[in-house]
Amino acid sequence: AAAARPPPLLPPFDRTLGPLVATGWVEAVDPFRVMLRHRILNGKIFKVHKYNSATMRDLVYCKEDGEFLKDVKLWTHTGLEGRIQRCIGTHGNLKCTFTGKPTLGEAAFMTLYKRQFPPLNLTTLLDDCVPPISTNKGIA
């Protein structure tokens, strides 16, 4: 059975303000709901080594990005999973290990996620954690 859709949302409408511009439904209001944006980076395997390792290019374009993304999991369309071992050179070539032996020219992918909503505001988190400093200087 399909889930029942919530009733439509129609705000109070005054025709003197102009035409109605939007209608819609309100989803569950949950302050702990997190919306994420994801991007998939892809690179090409251009050299296959022994023991399930390969050299990859075009995933990142500088050594610093490769070092930053070292802990993120790689995956291929054939179902292999892998990790970045180290960066080779200064132009973003990477040496990677996989769960099986990859094929030459195969594409490897990396999925990255970024928090979109609610925005992470560190000042409100700190205000909740740290008690306010008292401005009373005491009785003299």
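Remember, predicted model here, so these are calculated numbers, not experimental data.

Focus on the pairing of strand β4 (residues 53–57)
With respect to burial, β4 is a largely interior element, four of its five residues being buried. Between strand β3 (residues 35–48) and β4, which pair antiparallel in sequence order, lie four residues; one of them, tyrosine 51, sits at a positive phi of approximately 60 degrees. The sheet contact formed by β4 and strand β7 (residues 93–98) spans four bridges and is antiparallel. Each bridged residue has a counterpart across the sheet, and for serine 53 the counterpart in β7 is threonine 97.

Focus: the packing of aromatic side chains
Think of a pair of aromatic rings as described by two things: how far the centres are apart, and how the planes are tilted against each other in angle. A full pass over the atoms with the stated rule returns one aromatic pair. For the cation-ring pair, arginine 57 lies above phenylalanine 46, with the distance from its terminal atom to the ring centre recorded as 3.8 Å.

Describing unusual backbone geometry
Look at tyrosine 51: it is not a glycine, yet its phi comes out positive at around 60 degrees. You can see tyrosine 51 is positioned in the loop between β3 and β4. A positive phi angle is found at aspartate 58, which is not glycine, with a value near 70 degrees.

Side note on the state of the cysteines
Enumeration according to the criterion identifies zero disulfides in this entry. Its sulfur unpaired, cysteine 62 is 8.6 Å from the next cysteine sulfur, which belongs to cysteine 87. Looking at cysteine 62, the relative accessible area reads 24%, which means it is partly exposed.

So, the pattern of salt bridges
In the structure shown here, the tally under the stated rule is two salt bridges. The closest approach of N and O atoms between lysine 73 and glutamate 81, which form a salt bridge, is 3.8 Å.

Thoughts on the pairing of strand β8 (residues 107–117)
With ten bridges joining them, β3 and β8 adopt antiparallel strand pairing. Within β8, the residue paired with arginine 39 across the bridge is leucine 112. Examined bridge by bridge, strand β5 (residues 74–76) and β8 share three bridges and lie antiparallel to one another. Its bridge partner being in β8, tryptophan 75 is matched across the sheet by phenylalanine 109.

Definitions and limits used
Residues numbered from 1 in each chain as written. Predicted model: local features only at pLDDT ≥ 70, side-chain atom pairs only at ≥ 80, totals over all residues. Heavy atoms only, no water. Buried < 20%, exposed > 50% of the residue type's maximum accessible area, 1.4 Å probe, protein only. Helix = DSSP H or I, 4+ residues; strand = E, 2+ residues; numbered from the N terminus. Pairing = 2+ DSSP bridges. Phe/Tyr/Trp six-rings, centres within 6.5 Å; stacked < 30°, edge-to-face > 60°. Lys NZ or Arg CZ within 6 Å of the ring centre and 35° of its normal. Disulfide = S-S within 2.5 Å. Salt bridge = Lys/Arg side-chain N within 4 Å of Asp/Glu carboxyl O.

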